[in-house]
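Fold and contact review
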Amino acid sequence: MKSPPHLNATEWAEYQQRRAEVDDLMAQVADQEAQMEHDLIATHDEYELGFSQESQPGVAPAGRTPPPHRSPASSRGRNRGR
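None of the values given here were measured: they were computed from a predicted structure.

It is worth spelling out the overall build of the chain at this point. Check the secondary structure of the chain and you find 2 helices and 0 strands. Taken as a whole, the chain presents about 7600 Å² of accessible surface, with 56% of it coming from carbon and sulfur.

In structure tokens, the structure reads:
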């Protein structure tokens, strides 16, 4: 990329250095997000596997608790404001 006319050589070099630092930080963030997503998917798969094993006869429970019961959305809003 060519230097813009309003920047001297020093300013352009500083800009390119900062741009490289930002690009590096963005790559680190993307790597961390990908790792978190991978871990979340793996945890979910283990959680689901625990439930499928519990529902099979003769298989000991995996020590997992079922997800909390959610009330229907219509009943949540019905009692508010009273």
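Once that is clear, we can look at the packing of aromatic side chains. Any aromatic ring pair is given by two values, namely how distant the centres are and how the planes are angled relative to each other. This structure, assessed with the given rule, holds 1 aromatic pair. A ring pair is formed by Trp12 and Tyr15, whose centres lie 5.3 Å apart and whose planes are at 20°; its orientation type is stacked. Of this pair, Trp12 and Tyr15 both sit in helix H1 (residues 9-54), 3 residues apart, roughly one helical turn.

As enumerated under the stated definition, the model contains 1 salt bridge in all. For Arg19, the salt bridge is made with Asp23, and the minimal N-O distance between the two is 3.4 Å. One end of the pair is Arg19 and the other is Asp23, both in helix H1 and 4 residues apart, which spans about a single turn. Owing to a relative accessible area of 47%, Arg19 belongs among the partly exposed residues under this scheme.

Here we take up H1. Here H1 spans 68 Å end to end across 46 residues, near enough to the 68 Å set by a 1.5 Å rise per residue. Near the N-terminus of H1, the side chain that reaches the backbone nitrogen of Thr10, with its oxygen 3.0 Å away, is that of Asn8.

Calculation rules
Residues numbered from 1 in each chain as written. Predicted model: local features only at pLDDT ≥ 70, side-chain atom pairs only at ≥ 80, totals over all residues. Heavy atoms only, no water. Helix = DSSP H or I, 4+ residues; strand = E, 2+ residues; numbered from the N terminus. Areas by Shrake-Rupley, 256 points an atom, 1.4 Å probe, with all protein chains shown as cover. Phe/Tyr/Trp six-rings, centres within 6.5 Å; stacked < 30°, edge-to-face > 60°. Salt bridge = Lys/Arg side-chain N within 4 Å of Asp/Glu carboxyl O. Buried < 20%, exposed > 50% of the residue type's maximum accessible area, 1.4 Å probe, protein only. Expected span 1.5 Å × (residues − 1). Polar contact = N/O pair within 3.5 Å; in protein donor to acceptor, adjacent residues only side chain to side chain.

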